[in-house]
Amino acid sequence: MEKYKIAFIDESDSQWLSFKDNFEADFDVEHINPTSDITKSPEMYILDLLKSDIDILFIDFLMEEKVGYNWDTIEEILAKHNPYFPFLIVTSNVEDAFNNINNSLNVYSKTIWDQNHTDDLKNFKLQIKYLIENYRKNIIDKEVRLKELKELKQMDSIPQELENEYIELNQFFAKLSGDDININNLTLESWKKLDKLLESTQNLLNELNKDV
């Protein structure tokens, strides 16, 4: 059975080792230490991760000053490139995180795995799998809907009220595939390029659904 892959973004090696000990039996895990390559911007790090086989990000809420950024920078990058990608913010200070993050549902205490909370950890792992699977389903649903709207568009019979949905779906998959199509200026001549985009998206979906 497929093991989902978690990227743990934290500059602390000790936190990483604790995380790894508690999660590697159920997930493939990878440590992303922002201080390991100072030539890389946070955006470069995240774009590389989005193009990889990572299924979900764990982001440390408050990193050391030498890192130069925290969870909010990473959240902004995700919102820009793939707002649906699953991520969780982990912290040793939950109260501080709750006071600074709008969506507290994304915040989890590191004590879940640091203090041997067996039942909590088991439920947490199930929740992680649910978030990943829900994300994959979301992509598939959007791809099906885009194909429906594309057929209407090609027949020149797409209702005006669906035009915005059509544009938003194309923009979403353009971001997902790293393509630079300007969806707002699509013409009939753009369809060949768009077809290639959809083909690459389908290949991505096939990879996502392997062994699921």
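Here the structure is a predicted model, which is why all the values come from computation and not from measurement.

**Structural notes on the layout of surface pockets**
Phase 1: Estimated volume of the second largest pocket: approximately 260 Å³.
Phase 2: Around the second largest pocket, the lining is made up of 14 residues, and of these Tyr84, Pro86, Asn106, Leu131 and Asn134 lie nearest the centre.
Phase 3: Secondary-structure elements contributing two or more residues to the lining of the second largest pocket are β4 (87–91) and α6 (118–154).
Phase 4: Among the elements that make up the lining of the second largest pocket, the one with the highest residue count is α6 (five residues).
Phase 5: When grouped by side-chain class, the residues that make up the lining of the second largest pocket number ten nonpolar, four polar and no charged.

**Regarding the side chain of Lys110**
Phase 1: Within the secondary structure, Lys110 is located in the loop between β5 (107–109) and α5 (111–114).
Phase 2: Residue Lys110 is classed as buried on the basis of its relative accessible area of 4%.
Phase 3: Of note is the side chain of Lys110, whose polar atom sits 3.0 Å from the side chain of Asp10.
Phase 4: Among the polar contacts listed, one links the side chain of Lys110 to the side chain of Asp60, at a separation of 3.0 Å.

**Regarding the packing of aromatic side chains**
Phase 1: Per the counting criterion, the structure on display carries 16 aromatic pairs.
Phase 2: Plain terms: the ring middles of Phe23 and Trp113 are 5.6 Å apart, the flat faces sit at 80° to each other, and that makes the pair edge-to-face. Residue Phe23 is found in helix α1 (residues 13–23), and its partner Trp113 is found in helix α5; the two are separated by 90 residues along the sequence. By the burial criterion, Phe23 is buried, and Trp113 matches it.

**Quick look at the pattern of salt bridges**
Phase 1: All told, the structure shown has twelve salt bridges when counted by the stated rule.
Phase 2: Salt-bridge contacts for Arg136 lead to Asp55; the nearest nitrogen and oxygen are separated by 2.9 Å. In this pair, Arg136 sits in helix α6 while Asp55 sits in the loop between α2 (42–50) and β3 (56–60), placing the two residues 81 residues apart along the sequence. An identical accessibility class is assigned to Arg136 and Asp55; each is buried.

**A short note on empty space enclosed by the protein**
Phase 1: Within the structure shown, the criterion is met by one cavity of 30 Å³ or more.
Phase 2: Taken as a whole, the largest cavity encloses approximately 40 Å³ of empty space.
Phase 3: As for the largest cavity, its lining consists of Ile9, Ile32, Pro34, Pro42, Tyr45, Ile46, Tyr69 and Ile74.
Phase 4: Here the element with the most residues in the lining of the largest cavity is α2; it accounts for three residues.
Phase 5: Broken down by class, the residue content of the lining of the largest cavity amounts to eight nonpolar, no polar and no charged.

**Here's the deal with the sheet that holds strand β1 (residues 5–9)**
Phase 1: Strand order in this open sheet of five strands is β2-β1-β3-β4-β5, and the pairing throughout is parallel. Strands at the two margins of the open sheet, each flanked by one partner only, are β2 (28–32) and β5. Taking each pair of neighbouring strands and ignoring which way they run, the sheet shows an average axis angle of 25°.
Phase 2: As paired strands, β3 and β4 are joined by four bridges and run parallel to one another. In the strand pairing of β4, Phe58 is matched with Leu88.
Phase 3: Against the sheet, α1 touches β1, β2 and β3, its axis set at about 175° to β2.
Phase 4: Along the sheet, α2 makes contact with β1, β2 and β3, crossing β1 at roughly 170°.

Thresholds, definitions, all that
Residues numbered from 1 in each chain as written. Predicted model: local features only at pLDDT ≥ 70, side-chain atom pairs only at ≥ 80, totals over all residues. Heavy atoms only, no water. 1 Å grid on protein atoms, 1.4 Å probe; cavity = no way out; pocket = protein on both sides within 12 Å on 5 of 7 lines; lining within 4 Å. Points joined across faces, edges and corners; volume = space filled by probe spheres on them. Helix = DSSP H or I, 4+ residues; strand = E, 2+ residues; numbered from the N terminus. Nonpolar A, V, L, I, M, F, W, Y, C, P; charged D, E, K, R; others polar. Buried < 20%, exposed > 50% of the residue type's maximum accessible area, 1.4 Å probe, protein only. Polar contact = N/O pair within 3.5 Å; in protein donor to acceptor, adjacent residues only side chain to side chain. Phe/Tyr/Trp six-rings, centres within 6.5 Å; stacked < 30°, edge-to-face > 60°. Salt bridge = Lys/Arg side-chain N within 4 Å of Asp/Glu carboxyl O. Pairing = 2+ DSSP bridges. Axes fitted to C-alpha atoms, helices over the stretch in contact; angles between N-to-C directions. Contact = heavy atoms within 4.5 Å.

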